[in-house]
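Spelled out from the first residue to the last, the chains are:
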Amino acid sequence: MRAGHGVLVRARNGDVIGYDPSGLVLRLADKVIDDIALRLGGRLQAEAPTAEPHDLAELEAMLEGRDVWNIRAEGEWLRFSGRLPGRQGPRDFRLCRAGGDVVADAPGAVVGILGIGGPRAALANAEGAAYPFHILAPADDIGAVGHAGVERAAATDLLAHLREMTHEALMAEVCLDWQLEKHAGLPLFVTRVETDSSASATALAGGVAVENLLRAAGNLKRAAARLGKPARIFAVTLDFALEAVEGSATDYRDGMLALMDKVAAGLARLGFDRPVFVARFEAGRPGLTDDRVIDAQWELAWNCGAHRLVIAAPSTMFAHDEYDRPTAEARRQMAAMSAAAASAAGAQSLKPDPLIDGWRCPVIHLAELEGGPKGAVVLRLVLRALGDLVLAPGDSIGGDRPVGLALDGDTAGAKILSVEVDPSDAQAVLVTLDKRPKGEAVLRYGYGVAPEGPGQVAIRDGWALAAADGRMLHRWALPCRLAIREGGAA
């Protein structure tokens, strides 16, 4: 024994407490080190201990014989490399000894995609994720679809694999496909949609679904902290329109604004940035959708206050089954549009500008009569879009039924002769009529039964995106119902 060195306590497996010129020297068991790391909440960044042979066998048993290697224990986490199912390919993963499922050891922040709405928002594809370790939900035995408003969500900081693919989960899958294609990092997504049976937007804003949505956001932050990562929210989806059977169009708009107010305020209290809200414009089946529902969504599309709201697409561009539910393939196309809208709207940045100019489906704002050449009557449609307008056949929109322009409430029986983009204004459409409409004439576009003839036309801008199934997706104009106003001389 050297001078200044000695042993105070010795056990069968070696020295426990010794001393040297610097002071006492302690040798602690691996279990003690793990417990200290757990108590410090991940703040202890010690080197991973070398596992003994019997420890390795125990750890490998936790991984259920999967094709893994480079297994090491770091605090409460079991970390390893592996070739596991999914598109992500061989990479690093981790598993918490306290519970939850295997998750990807992904770079950057843990990203949340949250949603809220009525029963239709809970529709999901009955399949697992293509990236099962990158797309997860809070580990509360609920999954990607939440509590349906019947109970309060529980707090958890663990994550679980998905049993079904909701709209939000499919959005995450689209984003991961894009990242994989350009050889960029594959982030870890946490998804959850909360719903209830509210009959009005006002009731939804004051219901249990909002509380559970904010609890899901809190669980996102807890899970990220346990992983030692920050958390951010990519988007909050809104899926509540056809369920709004009570109240006027104005009531719907005000209720949805109140809902976004409550969600944004709750997220701010949790430390999140102002969210991007993403919705679809639901047109429903012809003859079953009240005009009030169309008016309400059109009003909200251009009058959303200071909220970062984008309308991803009209529902008429997607296929539906006999019960008016989007097909599994259509849900993937919807997710692609929502992911594109959220990305273009600045969901990946911290832009303070409340006006979103990165995404806009064309919106018809005005239908005005004016004189045409040789005494013809022209109905001028003024739109707001991000690019020049394009006209296409009404049956090319991609849904189950064609769309078009029609005149409702016209007592004169005016007929549409032609439709064209205004040569002098690429964001206006000229509809030539055979006579001047009379009575309380209304222009209807994009919903209901489409007329035969020249009026069966669809409007879009020049943007396009190739979906995973090869279909080209476009930003089609949103449905509307506008009073026809007098403009230029007859």
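Source: prediction; values computed, not measured. (Residues numbered from 1 in each chain as written. Predicted model: local features only at pLDDT ≥ 70, side-chain atom pairs only at ≥ 80, totals over all residues. Heavy atoms only, no water.)

### Considering the sheet that holds strand β23 (residues 472-476)
Formally: Whether two strands pair comes down to DSSP finding at least two bridges between them. Strands here are runs of E lasting at least two residues and helices are runs of H or I lasting at least four, both read from the DSSP assignment and numbered beginning at the N terminus. Axes here refer to lines fitted to C-alpha atoms; in helices the fit is confined to the stretch in contact. Angles between the N-to-C directions go from 0 to 180 degrees.
Spatial ordering of the open sheet is given by β17-β22-β23, a layout of three strands whose pairing is antiparallel. Looking at which strands have only one partner, the edges of the open sheet turn out to be β17 (390-393) and β23. In this sheet, adjacent strand axes meet at a mean angle of 60 degrees when their direction is disregarded. Direction of pairing for β17 relative to strand β22 (residues 457-466): antiparallel, over a ladder of four bridges.

### Some words on the environment of A376
Note on placement: A376 falls in the loop between β15 (363-371) and β16 (377-384). Each C-alpha atom, one on A376 and one on D434, is 6.8 Å from the other, the two residues being 58 residues apart in sequence.

### Considerations on the pattern of salt bridges
Defined as follows: Salt bridges are identified by distance alone: a Lys or Arg side-chain nitrogen within 4 Å of an Asp or Glu carboxyl oxygen.
This structure, assessed with the given rule, holds 26 salt bridges. The partner of R226 in a salt bridge is D157, with the nearest N and O atoms 2.8 Å apart. With R226 in helix α5 (residues 208-226) and D157 in the loop between β9 (135-138) and β10 (159-161), this pair connects stretches of sequence that are 69 residues apart. Of the charged contacts, one joins D239 and R280 as a salt bridge, the two residues approaching to 3.2 Å between their closest N and O atoms. Taken as a pair, D239 in strand β12 (residues 231-239) and R280 in strand β13 (residues 276-281) lie far apart in primary sequence, 41 residues in all.

### What about the side chain of N125?
Going by this rule: Exposure categories follow from relative accessible area, calculated using a 1.4 Å probe and restricted to protein chains: below 20% of the type maximum is buried, above 50% is exposed, and the middle band is partly exposed. Polar contacts, as used here, are pairs of N or O atoms within 3.5 Å; protein pairs need one atom able to donate a hydrogen and one able to accept it. Residues neighboring in sequence count only if both atoms are side-chain atoms. For this analysis, residues touch if any pair of their heavy atoms sits within 4.5 Å.
By the secondary structure assignment, N125 is in the loop between β8 (110-117) and β9. On the basis of relative accessible area, N125 is assigned to the buried category, the value being 2%. At a separation of 3.3 Å, a polar atom in the side chain of N125 contacts the main-chain carbonyl oxygen of A328. There is a polar contact of 2.9 Å between the side chain of N125 and the side chain of R331. Residues within four places of N125 in sequence aside, it is in contact with E164, M165, L170, A328, R331 and R332.

### Examining the confidence of the model for the protein chain
Parts of the prediction with low pLDDT should not have their coordinates interpreted in detail. What counts here: As a per-residue quantity, pLDDT reports the predictor's confidence and falls between 0 and 100.
The share of residues in the protein chain with pLDDT of 70 or more is 85%, and the mean pLDDT across the chain is 87. When the elements of the protein chain are averaged for pLDDT, helix α1 (residues 30-39) gives the smallest value, 54, and β17 the largest, 98. Note on residues 42-51: pLDDT is under 50 here. Beyond four places in sequence and across chains, it has 10 contacts. With pLDDT under 50 throughout, residues 348-356 is counted as low confidence; its partners more than four residues away or in other chains account for 13 contacts.

### Quick notes on a nonpolar patch on the surface
Rules: In this scheme, patches are assembled from residues that exceed 30% relative accessible area and form no salt bridge. Like charges are connected within 9 Å, while nonpolar side chains (Val, Leu, Ile, Met, Phe, Trp, Tyr) are connected within 5 Å. Note on areas: these come from Shrake-Rupley sampling with a 1.4 Å probe, and a residue is covered only by the protein chains present in the view.
Taken together, the side chains of L8, V9, L24 and L26 make up a nonpolar region of the molecular surface, amounting to roughly 400 Å² of accessible area. Mapped onto the nonpolar patch, the elements with two or more residues apiece are β1 (6-11) and β3 (23-26). Looking at the element boundaries, L8 is found in strand β1.

### Notes on unusual backbone geometry
Glycine aside, the phi torsion of most residues is negative, and most peptide linkages are trans. Although it is not a glycine, N70 sits at a positive phi angle of roughly 55 degrees. Although it is not a glycine, D324 sits at a positive phi angle of roughly 65 degrees. Within the secondary structure layout, D324 lies in the loop between β14 (308-314) and α8 (328-344).

### Thoughts on the nonpolar core
Formally: Within this scheme, the nonpolar core is defined by two criteria: the residues are buried Ala, Val, Leu, Ile, Met, Phe, Trp, Tyr or Cys, and they are joined through side-chain atoms within 4.5 Å.
The biggest cluster of nonpolar side chains holds 129 residues, and the ones touching the most others in it are L379 and L381. Sequence-distant contacts of L379, defined by excluding residues within four places in its chain, comprise A367, E368, L369, L407, V429, L430, V431, L433, L443 and I484. Counting residues in each nonpolar core, the second largest holds 11 residues, with L78, L84, V102 and A104 among its members.

### Re the sheet that holds strand β19 (residues 416-421)
Pairing in this open sheet of five strands is mixed, and the strands run β19-β20-β16-β15-β25 from one edge to the other. Edge positions in the sheet fall to β19 and β25 (485-486), since each has one partner strand and no second. Inspection of the sheet shows β19 paired to strand β20 (residues 428-433) by five bridges, in the antiparallel sense. From the neighbouring strand, E420 faces β20, where its bridge partner is L430.

### Considering α5
Residues separated by three or four positions in an α-helix point in the same direction, a consequence of the helix having 3.6 residues per turn. For clarity, the cut-off: Take the number of residues in a helix, subtract one, and multiply by 1.5 Å to get its expected span.
Look at α5: 27 Å from first C-alpha to last across 19 residues, which is about the 27 Å you get at 1.5 Å a residue. Within α5, 14 of the 19 residues are buried, which leaves the element mostly enclosed by the surrounding structure. Where α5 terminates, the next one or two residues include G228, which has phi positive at roughly 75 degrees.

### Digging into the packing of α5 against helix α6 (residues 249-269)
Helix packing geometry: the angle between the two helix axes and the distance between the axes. Under the convention used in this document: When describing relative orientation, an angle under 35 degrees is termed roughly parallel and one over 145 degrees roughly antiparallel, while 65 to 115 degrees is termed roughly perpendicular and anything else oblique. Crossings are assigned a handedness: left-handed for a near helix turned anticlockwise from the far helix by less than a right angle, right-handed for a clockwise turn. When residue character is reported, Ala, Val, Leu, Ile, Met, Phe, Trp, Tyr, Cys and Pro are called nonpolar, Asp, Glu, Lys and Arg charged, and the others, Gly included, polar.
Contact pair α5 / α6: the axes reach a minimum separation of 10 Å and the direction vectors enclose 30 degrees. Overall, the two elements α5 and α6 adopt an arrangement that is roughly parallel. Viewed along their axes, α5 and α6 form a crossing whose handedness is right-handed. Residues V210, L213, L214 and A217 of α5 lie in contact with α6, whose contacting residues are L259, K262, V263, G266 and L267. A breakdown of the residues in the contact of α5 with α6 according to their chemical character gives seven nonpolar, one polar and one charged.

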